[in-house]
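Close look at the chain arrangement
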Amino acid sequence: MEGKEALDKARERIIETIAQNIHLYGLTSSAGRQFGTMFFHDEPMTLDEMTEELGMSKTSMSTSVRALSDLKLVERAWKRGVRKDLYQVKDDWYQSFIDLFSIKWRRSISLHSTAIKKSLSELESLVEDPATSEEVKELAQQDVARLEYIRDYFEWLDRLVDAFEHHKIFDLVPLTKDLKDK
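Quick caveat: nothing in here was measured; it's all calculated off a predicted structure. Per chain, the residues get numbers from 1 upward, laid out in the order the sequence is written. Reporting in this predicted model follows two pLDDT cut-offs: at least 70 for local features of residues, and 80 or more for side-chain atom pairs to be given and counted; totals over whole chains, interfaces and linings ignore these cut-offs and use all residues. The side-chain quantities take in all heavy atoms of the structure and omit both hydrogens and water.

1. Some remarks on the overall build of the chain
Test applied: Secondary structure elements follow DSSP: runs of H or I of four or more residues count as helices, runs of E of two or more count as strands, with numbering from the N terminus. Computation of the radius of gyration draws on C-alpha atoms alone. For the globule rule, the value is 2.2 Å times the number of residues to the power 0.38. A 1.4 Å probe rolled over the protein chains alone gives each residue an accessible area, and that area as a share of the maximum for its type sets the label: buried under 20%, exposed over 50%, partly exposed in between. Note on contacts: a residue pair is in contact if any heavy atoms of the two residues lie within 4.5 Å. Calculation of accessible area relied on Shrake-Rupley with a 1.4 Å probe; when residues are assessed, cover is drawn exclusively from the protein chains displayed. The convention is simple: Lys and Arg are positive, Asp and Glu are negative, and His and the chain ends are not counted. To locate a charge, take NZ of a lysine, CZ of an arginine, CG of an aspartate or CD of a glutamate.
For the chain, the helix and strand inventory stands at seven helices and two strands. When the helices and strands of the chain are listed from N to C terminus, the series reads α-α-α-α-β-β-α-α-α. Over its C-alpha trace the chain gives a radius of gyration of 24 Å, far above what one expects of a compact globule, namely 16 Å for 182 residues. Seen along its three principal axes, the alpha-carbon backbone of the chain occupies a region of about 85 × 40 × 30 Å. Put simply, the chain has 182 residues, and 29% of those count as buried. At a minimum sequence separation of 6, the contacts of the chain that also span at least 24 residues come to 56%. Of the accessible surface of the chain, which amounts to about 12800 Å², a share of 53% is contributed by carbon and sulfur atoms. Mean positive and mean negative side-chain charge positions of the chain (27 and 34 charges, respectively) differ by 6 Å.

The structure is reproduced here in structure tokens:
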């Protein structure tokens, strides 16, 4: 087939670039290759097809596809008459990024908010306790101010995640093309 070699070369360049950058999602380069390979397939793929195309073990393919699925980068697909699990890349990369960003930051916000709330309560009790030395009260008040600052930061971050999840981010950073055009 005329031009097939050039087509494969162009695709391989993108697949390797995805493999090199997939660490930003906390994944291995082999998961990136798997994602890139699936991206260029018009039809959903089985683990057997991925194993054959990439020359990697089925166990490795299964582990990677589960990780990709957990991050909402790929999804299960259904095809009449096919009994094996099929997987395909999600079409909306913008939403995939928003999902990843939201999942990671919501967890961080929750962990920090819980710790801040508990520490603020303990520090305020310490400041109010007549048995606490003045030196410790002063240090505790400084820490309260620090924790209030980072509490404000995480409240802002929570609103930022909301802006991503409700697509208000696109008002601030507009898409160059309407998603309906893709």
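That was the structure; now back to the text.
2. Observations concerning the nonpolar core
The cut-off we apply is this: We call a set of buried Ala, Val, Leu, Ile, Met, Phe, Trp, Tyr and Cys residues a nonpolar core when their side-chain atoms join them within 4.5 Å.
Of all hydrophobic cores here, the largest spans 19 residues; its most connected members are L27, F35, M38, M50 and V74. Of all the elements in the fold, those that place two or more residues in this core are helix 2 (29–39), helix 3 (47–54), helix 4 (58–70) and strand 2 (86–89). When residues no more than four places from it in sequence are discounted, the contact partners of F35 are I18, L68, L73, V74, V89 and W93. Counting 16 residues, the second-largest nonpolar core is a separate cluster that includes L120, V127, F154 and F164.

3. Regarding the packing of aromatic side chains
Definition in use: When two rings of Phe, Tyr or Trp (its six-membered ring) have centres within 6.5 Å they constitute a pair, described as stacked for plane angles under 30 degrees, edge-to-face for angles over 60, and tilted for the intermediate range.
This structure, assessed with the given rule, holds 10 aromatic pairs. Relative to F170, the ring of Y94 lies with its centre 6.1 Å away and its plane at 80°, an arrangement referred to as edge-to-face. Separated by 76 residues along the polypeptide, Y94 in helix 5 (residues 93–128) and F170 in helix 7 (residues 169–172) bring together distant segments of the chain. Residue classification places F170 among the buried positions, given a relative accessible area of 19%.

4. Some thoughts on the layout of surface pockets
Applicable threshold: Within this scheme a cavity is a closed region of a 1 Å grid, computed over the protein atoms alone, that accommodates a 1.4 Å probe without allowing it to escape, whereas a pocket is open but has protein on both sides within 12 Å along at least five of seven lines; lining residues each have an atom within 4 Å of a point. Grid points are joined across faces, edges and corners, and a volume is the space filled by probe spheres set on the points. When residues are grouped by polarity, Ala, Val, Leu, Ile, Met, Phe, Trp, Tyr, Cys and Pro land in nonpolar, Asp, Glu, Lys and Arg in charged, and all others, Gly among them, in polar.
Of the voids in this model, the largest pocket is the one considered here, and its volume is about 250 Å³. Surrounding the largest pocket, T17, I18, N21, I22, L24, Y25, F35, L73, W93, S96 and F97 form its lining. For the lining of the largest pocket, the secondary structure elements donating two or more residues are helix 1 (4–21) and helix 5. Looking at the lining of the largest pocket, its residues break down into eight nonpolar, three polar and no charged. Here the second largest pocket defines a volume of roughly 200 Å³. Elements with a minimum of two residues in the lining of the second largest pocket: helix 1, helix 2 and helix 3. For the lining of the second largest pocket, the element with the highest residue contribution is helix 1, accounting for six residues. Looking at the lining of the second largest pocket, its residues break down into three nonpolar, two polar and seven charged.

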